Amino acid sequence: LPPEGWCYGKHDHEPYGSMTAGGVGSLVLYDSLQGRDWTRDREVASGLEWLDRNFSVDVNPGRYEHEGGETNSPRRLYYYLYALERALALYGTDRIGARDWHALGAEALIAAQEPGGAWTTKDRKGSDVADTCFAILFLRKVTRGLVDTPTRK
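Residues numbered from 1 in each chain as written. Predicted model: local features only at pLDDT ≥ 70, side-chain atom pairs only at ≥ 80, totals over all residues. Heavy atoms only, no water.

Caption draft 1: Geometry of helix H1 (residues 17-33). End to end, H1 covers 24 Å across 17 residues, agreeing with the expected 24 Å (1.5 Å per residue, within 8%). Along H1, the positions that sit buried rather than exposed are Gly17, Ser18, Met19, Thr20, Ala21, Gly23, Val24, Gly25, Val28 and Asp31. Once H1 ends, the next one or two residues include Gly35, with phi positive near 75°. (Helix = DSSP H or I, 4+ residues; strand = E, 2+ residues; numbered from the N terminus. Expected span 1.5 Å × (residues − 1). Buried < 20%, exposed > 50% of the residue type's maximum accessible area, 1.4 Å probe, protein only.)

What follows is the structure, given as structure tokens:
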């Protein structure tokens, strides 16, 4: 399959990062529950390739389908990063393409943290509490993989 991502619903909309990461994570869980090898799932591989080609730690990549339809929008950035953390941790990889996704995300999050300790997506309506929670969940790398993988030192 060509690299293909997901959007929120079944309609003709372009894919974007948070929903593609959510789709990959969901398929990995589904395959696991069915006793299937998710590393051989063509749709998972296609979604991972889309995430690799569109990888970012600064924006929610793709065309966000809500709130004006911006491309590569900062909207839901922290939600996207946490979805990325879940998908890649469940899959069992510390790399996306040649990149250490967690190190790059952590570096960006530390740089974006506000003096009071919170994270906030600039110029949008939303919840500072939710943004901060998603950032902390990413930084803590809270999702357990479905298989034991050695921790890099």
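Caption draft 2: Molecular detail of the packing of aromatic side chains. Inspection of every chain in the model, using the stated rule, returns three aromatic pairs. For the ring pair Tyr82 and Phe134, a centre distance of 5.9 Å and an interplane angle of 25° mean the geometry is stacked. Of this pair, Tyr82 sits in helix H3 (residues 77-91) while Phe134 sits in helix H5 (residues 128-140), and the two are 52 residues apart along the sequence. Using a relative accessible area of 14% as the deciding quantity, one classes Tyr82 as buried. Residue classification places Phe134 among the partly exposed residues on the basis of a relative accessible area of 22%. Between Trp101 and Phe138 the ring centres are 5.9 Å apart and the planes differ by 75°, which places this aromatic pair in the edge-to-face class. Here the residue Trp101 occupies a position in helix H4 (residues 101-112), and Phe138 occupies one in helix H5, the gap between them amounting to 37 residues. With a relative accessible area of 0%, Phe138 lands in the buried category. These aromatic residues form a ring-pair network of at least three members: Tyr79, Tyr82 and Phe134. Positioned above the aromatic ring of Tyr82, the side-chain terminus of Arg86 is 4.7 Å from the ring centre. (Phe/Tyr/Trp six-rings, centres within 6.5 Å; stacked < 30°, edge-to-face > 60°. Lys NZ or Arg CZ within 6 Å of the ring centre and 35° of its normal.)

Caption draft 3: Main features of unusual backbone geometry. Phi is positive for Asn72, which is not a glycine, with a value near 50°. Tracing the backbone shows Asn72 in strand S2 (residues 71-73). Here Asn72 falls in the partly exposed class, since its relative accessible area comes to 41%. At Lys141, a residue that is not glycine, the phi angle is positive and equals roughly 50°. Relative to the helices and strands, Lys141 resides in the segment after H5.

Caption draft 4: Structural context of the pattern of salt bridges. Applying the stated rule across the entire model yields three salt bridges. Between Arg40 and Asp37 there is a salt bridge, with its nearest N and O atoms 3.9 Å apart. Residue Arg40 is classed as exposed on the basis of its relative accessible area, which comes to 69%. Since its relative accessible area comes to 40%, Asp37 is described here as partly exposed. Its salt-bridge partner being Arg99, residue Asp52 comes within 2.5 Å of it at the nearest N-O pair. Of this pair, Asp52 sits in helix H2 (residues 42-53) while Arg99 is found in the loop between H3 and H4, placing the two residues 47 residues apart along the sequence. Owing to a relative accessible area of 26%, Asp52 belongs among the partly exposed residues under this scheme. (Salt bridge = Lys/Arg side-chain N within 4 Å of Asp/Glu carboxyl O.)

Caption draft 5: Quick look at the nonpolar core. One finds Val24, Leu51, Phe55, Tyr78, Leu81 and Leu109 to be the most contacted residues of the largest nonpolar core, which totals 26 residues. Contributing elements (two or more residues each) for this core: H1, H2, H3, H4 and H5. The dominant element in this core, judged by the number of residues it contributes, is H3, at nine residues. (Core = buried A, V, L, I, M, F, W, Y, C linked by side-chain atoms within 4.5 Å.)

All quantities given are derived from atomic positions and should not be read as evidence of function.
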